[in-house]
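Working through the structure, step by step
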Amino acid sequence: MNEIQDIQSLYNEVREIIASARQNATRSVDFCRVQMYWNIGKRILETEQAGRERAEYGAYLLKNLAKRLEPEYGSGFSVRQLEMCRQFYRTYPIANTVCSQLNWSQYKLLISIPDEYKREYYQLEAINNGGYIVKKRAFISLKRWQEFIDDKRNRRELYYNKGENGIVNIMTFLDDM
């Protein structure tokens with residue numbers, strides 16, 4: 001009976017090791033993809049800024065870049081996707097502010113939020129909840145944000161408690177209330 005328990009215990013431990021490795025590999029690949037899109041956005045913006053008439057040159061640049069990339073790499077490099085890469089870099093111009101806990105789909109949702117504080121709030125919500133809120137797209141629940149920000153005390157704390165890394169630690173405010 002003891003041998004059967006040993007085998008079962010070993011089996012369970014090995015399964016946990018495999019599951020953990022798979023999860024870490026997925027997270028690593030997701031973050032590499034996020035970094036790739038950030039770097040693409042950076043290069044697009046740098047190239048656009050070197051152009052004379054930015055708006056026209058930007059449209060021309062993205063259209064022609066997509067025309068070359070899509071046949072080789074697929075629809076993940078369409079004009080719209082390249083526009084999102086550019087917006088991603090504009091929104092997160094400092095590489096260290098890009099969180100490894102979030103994937104590209106989550107960042108696409110975050111960069112669609114124009115309000116900086118709102119975006120930081122939902123980014124922290126996503127990180128603290130393992131991305132669950134972002135995945136469900138319920139994280140852009142304006143009611144929850146509005147309730148939080150309507151309290152003038154929160155707005156004042158939000159302004160004064162911006163961390164060194166540029167991200168507001170809103171969750172501590174919510175916990176302290």
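Presented here is an overview of the structure given in this document. (Residues numbered from 1 in each chain as written. Predicted model: local features only at pLDDT ≥ 70, side-chain atom pairs only at ≥ 80, totals over all residues. Heavy atoms only, no water.)

Notes on the overall build of the protein chain
The helix and strand inventory of the protein chain stands at nine helices and zero strands. The buried share of the protein chain, taken over its 177 residues, is 34%. Considering only intrachain contacts with a sequence separation of at least 6, the fraction spanning at least 24 residues in the protein chain is 56%. Of the roughly 12000 Å² of accessible surface on the protein chain, a fraction of 50% belongs to carbon and sulfur atoms. (Helix = DSSP H or I, 4+ residues; strand = E, 2+ residues; numbered from the N terminus. Buried < 20%, exposed > 50% of the residue type's maximum accessible area, 1.4 Å probe, protein only. Contact = heavy atoms within 4.5 Å. Areas by Shrake-Rupley, 256 points an atom, 1.4 Å probe, with all protein chains shown as cover.)

A look at the packing of helix H3 (residues 79-91) against helix H4 (residues 104-111)
Angle between the axes and distance between the axes: these two values describe a pair of packed helices. It is at 10 Å that the axes of H3 and H4 come closest, and there the two elements cross at 70 degrees. Regarding the angle of H3 to H4, the classification is roughly perpendicular. Of the residues in H4, those touching H3 at Gln-81, Met-84, Cys-85, Gln-87, Phe-88 and Thr-91 are Trp-104, Tyr-107, Lys-108 and Ile-111. (Axes fitted to C-alpha atoms, helices over the stretch in contact; angles between N-to-C directions. Parallel < 35°, antiparallel > 145°, perpendicular 65-115°, else oblique.)

Comments concerning the pattern of salt bridges
Counted under the stated rule, the structure contains three salt bridges. A salt bridge links Glu-46 to Arg-43; its shortest N-O distance comes to 2.8 Å. Of the two residues, Glu-46 and Arg-43 are both situated in helix H1 (residues 2-50); the distance of three residues between them amounts to about one turn of the helix. Overall, the relative accessible area of 33% leaves Glu-46 in the partly exposed class. Between Glu-48 and Arg-86 there is a salt bridge, with the nearest N and O atoms lying 2.4 Å from each other. Remark: Arg-86 occurs in helix H3 and Glu-48 occurs in helix H1; sequence separation between them is 38 residues. (Salt bridge = Lys/Arg side-chain N within 4 Å of Asp/Glu carboxyl O.)

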